[in-house]
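# Descriptive structure summary
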Amino acid sequence: AIRECFHGEYGIAATPANVLGVLSLMFWSLTIIVTIKYLTFILRADNKGEGGVIALTSLIRPQGLRKPGMRPTPFVIPLTIIILMALFFLQRRGTAKVGSLFGPVIFLWFSVLALLGIGKIIACPRILAAFSPWYGLQFLLHNHLHGFLVLGAVFLVVTGAEALYADLGHFGTRPIRLVWIAFVLPALLLNYFGQGALLLARPEAAHDPFFALLPRWGVIPIIILATAATIIASQAVISGAFSLTRQAIQLGYLPRMKIIHTAARHMGQIYVPLVNWVLMICTIGLVLGFQSSSKLAAAYGVAVTSTMLISTILFYVVATERWGWKKSAVLVLVAVFVIVDTAFFLANISKVLHGAWFPLVIGGVIFFLMVIWRRGRKITRDQIRSLTMSFKAFQEMIAEDPPQRVKGQAVFMTGNPDSVPVALLHNLKHNKILHSEIALLHFDTSELPRVPNDQKVEVEWAAVFTG
């Protein structure tokens, strides 16, 4: 993030005022967007333990590997593809098992981040002045349009917030809040401020400030650790994709898919094979198409800022319409979030011609398909409803004109246990008979990852079907 601010496409000179200004913007972005907006407020909006932008919707409508200064080698892209394939093949083991493997690595990663920053901060304590919002405001006022465009790089520090919310069902609200406040946020701030302190002393290190924190012997081990942490960070997005897909299916925006529950106690820990393999193919395609992390960052920023802005608007509706919060108070809170989200969105939208068009096109196509699918389901459901009837009406019809009964059993699937299936009516209309024993089979979705064996089947008898 800091490298992109001072050495990226819209990089700005690493002067003391700019360094303090960028760090101030980063600190307050993390505070306002992640700590206040997501952890304090939006995480409250869980749909039966699930999070993400679709969870908000359902509440409204129920139902890079290189050393600093090195040129990229020809091995980077093939190695990235191999790592991605291994990561996606690992998904079938489930979030809990994957987490037990990844957890210690992430703990080590954030610990190292904190340790690398502490030494530089002690050597240059005046960097702590960046906690004041005045430096961030002064940076924007002094640098005008250039400073505003740098916000697109500052935004990289908060891009994981939406995935954090989408993964609510996999980890739970309390663990996410606790680990962020007690461990992750302090580690990130220590490292960012450490990089800032380094730039105050050595502005020429702006091309790779993170690796400049390291002694020469530590470069290779940290590259390996950073690569492992990057792989694990991808897990949050993959898990979130599974959760969002299941919610979209439940809302009728996607066709039914095979969903595997990987934990007996946690409803949100799931694995969706089709999504996993499609995501793997698309991700490898992105690597081959964009070739570098800087180009991907341009595409990623627009995608995340758009989603954050949508989440803010949906949160207002949920807070006022569903929770009954006072509209004036919520409006003031949401206005702050909208101003921040809009500023980041506009700063990133300037990158449309540099790759940001891609997620907009993909999002538009998926949105179109989801709307078409939901519209088609509604038309089909209305047609089926016009062809079926209630049990009471069916009983009256049977009483007035009893059909011939034949020995045997017949089983009919039904999506609505309160109405007579179309297939049964069709059989009666064309064959003029009813079997002596008829069973209507209906599947109900439980909000449990595992249903106890003695509760898996329920049988209800209706005299109209016996004879």
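This is a predicted model, so every value here is computed, not measured.

## Points about the environment of A205
Relative to the helices and strands, A205 resides in the loop between α9 (173-201) and α10 (209-212). The class for A205 is buried, based on a relative accessible area of 2%. Remark: the alpha-carbon pair of A205 and Q195, spanning ten residues in sequence, is separated by 9.4 Å. Excluding anything up to four places from it in sequence, A205 contacts L198, L199 and A212.

## Here we look at the pattern of salt bridges
One pass over the full model with this rule turns up six salt bridges. A salt bridge links E204 to R202; the shortest N-O distance between them is 3.8 Å. Residue E321 pairs with K327 through a salt bridge whose shortest N-O separation is 3.8 Å. Assessed through its relative accessible area of 58%, E321 is described here as exposed. Salt bridges sharing common partners tie together R3, E4 and D208.

## Looking at the confidence of the model for the protein chain
When pLDDT is averaged along the protein chain, the result is 81, and 87% of the positions lie at 70 or above. Scored below 50 in pLDDT, residues 65-70 makes 16 contacts in the model with residues more than four places away or belonging to other chains.

## Re the packing of aromatic side chains
Counted according to the given criterion, the structure contains 16 aromatic pairs. Geometrically, the ring pair formed by F131 and F193 is stacked, given 4.6 Å between the ring centres and 20° between the ring planes. Separated by 62 residues along the polypeptide, F131 in the loop between α5 (95-123) and α6 (133-154) and F193 in helix α9 bring together distant segments of the chain. Their ring planes at 80° and their centres at 5.3 Å tell us that F210 and F211 sit as a pair that is edge-to-face. Taking the relative accessible area as the measure of exposure, F210 reaches 15% and is therefore buried. On the basis of relative accessible area, F211 is assigned to the buried category, the value being 15%. Taken together, the ring pairs connect F41, F315, W323, W325 and F337 into an aromatic cluster. For the cation-ring pair, R374 lies above Y253, with the distance from its terminal atom to the ring centre recorded as 4.7 Å.

## Some thoughts on the environment of L116
Looking at the element boundaries, L116 is found in helix α5. Residue L116 is classed as buried on the basis of its relative accessible area of 15%. Separated by 75 residues in sequence, L116 and N191 place their C-alpha atoms 6.3 Å apart. Setting aside chain neighbours within four positions, we find L116 in contact with N191, F210, L213 and L214.

Cut-offs used in this document
Residues numbered from 1 in each chain as written. Predicted model: local features only at pLDDT ≥ 70, side-chain atom pairs only at ≥ 80, totals over all residues. Heavy atoms only, no water. Helix = DSSP H or I, 4+ residues; strand = E, 2+ residues; numbered from the N terminus. Buried < 20%, exposed > 50% of the residue type's maximum accessible area, 1.4 Å probe, protein only. Contact = heavy atoms within 4.5 Å. Salt bridge = Lys/Arg side-chain N within 4 Å of Asp/Glu carboxyl O. pLDDT = per-residue confidence, 0-100. Phe/Tyr/Trp six-rings, centres within 6.5 Å; stacked < 30°, edge-to-face > 60°. Lys NZ or Arg CZ within 6 Å of the ring centre and 35° of its normal.

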